[in-house]
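Structural features, examined
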Amino acid sequence: MYEVNYVITTFSADMNIQSAAGGEMAGRVFFKDNSLRRELETPVGKQVSITEAGADLMYVLLPGQKIYTEVTNSQVTLDEKEDLEAKFSREGRVTRKGTETIEGYECDIFHIAYNDPSLGESTVWISKDL
């Protein structure tokens with residue numbers, strides 16, 4: 001059995017992913033009551049992923065190809081119980097870059113150079129208030 005601490009937060013945001021090779025994918029992310037939906041335009045078409053609060057599975061859909069799959073959720077954290085800096089450290093070298101206020105939310109900024117070179121690097125902004 002698992003325990004979920006619900007944070008009643010509803011919002012959506014634009015999301016942009018840029019690869020080191022120069023590719024870019026754009027989409028939106030939606031949060032409601034600790035559940036997450038991401039819609040991303042990829043080279044193979046639209047990709048939708050859904051993660052429900054406390055779930056061990058993430059659902060990934062490719063509507064244009066009529067494909068649906070369930071994936072073990074080892075990436076997305078939807079509550080404040082997990083130490084994200086420690087989680088990132090398991091994936092690669094983490095550098096804390098400071099803080100930035102975005103849309104009124106103070107965010108910690110982390111840069112991750114992944115252990116797996118094929119994953120490249122990421123910069124993430126995380127708000128404890130969300």
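Residues numbered from 1 in each chain as written. Predicted model: local features only at pLDDT ≥ 70, side-chain atom pairs only at ≥ 80, totals over all residues. Heavy atoms only, no water.

1. Some details on the nonpolar core
Residues Phe88, Val94, Phe110, Ile112 and Ile126 constitute the largest nonpolar core, which totals five residues. Aside from chain neighbours lying at most four places away, what touches Ile112 is Phe88, Arg93, Val94, Gly120, Glu121, Ser122 and Val124. (Core = buried A, V, L, I, M, F, W, Y, C linked by side-chain atoms within 4.5 Å. Buried < 20%, exposed > 50% of the residue type's maximum accessible area, 1.4 Å probe, protein only. Contact = heavy atoms within 4.5 Å.)

2. What about the packing of aromatic side chains?
If you walk through the whole model with that rule in mind, you get one aromatic pair. Judged by centre distance (6.3 Å) and plane angle (10 degrees), the rings of Tyr59 and Tyr68 are stacked. (Phe/Tyr/Trp six-rings, centres within 6.5 Å; stacked < 30°, edge-to-face > 60°.)

3. Things to note about the sheet that holds strand β5 (residues 57–62)
What holds strands together in a sheet is hydrogen bonding between their backbones, with the strands either parallel or antiparallel. Within the open sheet, the six strands sit side by side as β1-β2-β3-β4-β5-β6. Their pairing is antiparallel. With partners counted over all chains shown, the strands left at the sheet margins are β1 (10–18) and β6 (67–72), one partner each. Going across the sheet, the axis of each strand differs from the next one's by a mean of 20 degrees, ignoring polarity. Direction of pairing for strand β4 (residues 45–51) relative to β5: antiparallel, over a ladder of four bridges. (Pairing = 2+ DSSP bridges. Helix = DSSP H or I, 4+ residues; strand = E, 2+ residues; numbered from the N terminus. Axes fitted to C-alpha atoms, helices over the stretch in contact; angles between N-to-C directions.)

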